[in-house]
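Report on the structure
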Amino acid sequence: MNILFICTGNTCRSPMAEGIFNSLSSTGTMARSAGICTQNGLPASKFAAELCQTVGKHGHRSQQVNEELISWADLILTMTVEHKEWMKQRYKLLPPIETLKIYVGEMDENILDPFGGGKNIYETVFHELERTIQLLIKKINIK
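Notes on the structure in this doc start here. (Residues numbered from 1 in each chain as written. Predicted model: local features only at pLDDT ≥ 70, side-chain atom pairs only at ≥ 80, totals over all residues. Heavy atoms only, no water.)

1. Quick look at the side chain of E128
Convention followed: Secondary structure elements follow DSSP: runs of H or I of four or more residues count as helices, runs of E of two or more count as strands, with numbering from the N terminus. Any pair of residues with heavy atoms lying within 4.5 Å of one another is described as a contacting pair.
Tracing the sequence through the fold places E128 in helix 6 (residues 119-140). Other than its neighbours up to four places away in sequence, E128 contacts K101, N110, I111 and L112.

2. Quick word on helix 6
So the rule is basically this: Here a helix's expected span is defined as the number of its residues, less one, multiplied by 1.5 Å. A 1.4 Å probe rolled over the protein chains alone gives each residue an accessible area, and that area as a share of the maximum for its type sets the label: buried under 20%, exposed over 50%, partly exposed in between.
A rise of 1.5 Å per residue sets the reference length of helix 6, with its 22 residues, at 32 Å; its end C-alpha atoms lie 31 Å apart and thus fit the reference within 8%. Looking only at helix 6, the buried set comprises Y122, V125, F126, E128, L129, T132, I133, L136, I137 and I140. Of the residues flanking the end of helix 6, it is N141, one or two places downstream, whose phi is positive at about 50°.

3. Let's talk about helix 1 (residues 13-24)
Look at helix 1: 17 Å from first C-alpha to last across twelve residues, which is about the 16 Å you get at 1.5 Å a residue. With respect to burial, helix 1 is a largely interior element, nine of its twelve residues being buried. For helix 1, the full list of buried residues reads R13, S14, P15, M16, A17, E18, G19, I20 and F21. Where helix 1 is buried, its residues meet strand 1 (2-7), strand 2 (30-35), helix 2 (46-53), helix 4 (81-90) and helix 6.

4. Considering the environment of Q53
Within the fold, Q53 resides in helix 2. Since its relative accessible area comes to 47%, Q53 is described here as partly exposed. Considering only alpha carbons, one finds Q53 and M16, 37 residues apart in sequence, at a separation of 9.5 Å.

The structure is reproduced here in structure tokens:
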């Protein structure tokens, strides 16, 4: 199964989600990430990069979501409702798409954007993503 995580700039939330998922999932499953409003090739934000290193993800570079990534994905999970709606408006043929938190059965739909915040907010978001991705792995039964 291929999962595509989507956020705004692909420098904070979605790269952390990608790194966490790939560090916890079994062989045969893979995550990638992209942004709906980014330039290709930007590095992850400083604190996101530091936290990604704790799960073995190094050297992330941002990428704009595109048709190739969409066709690669079996499931698209967004960080917010707005990301999901943007994707639905922009792309007509999508694999299943939902916010990450709703997909795993949580009431709060959005993952907070830490962009521009301090290390504490990045750590809070990282741990929220870890917890949520553990629920995702149980739901899709890949471990």
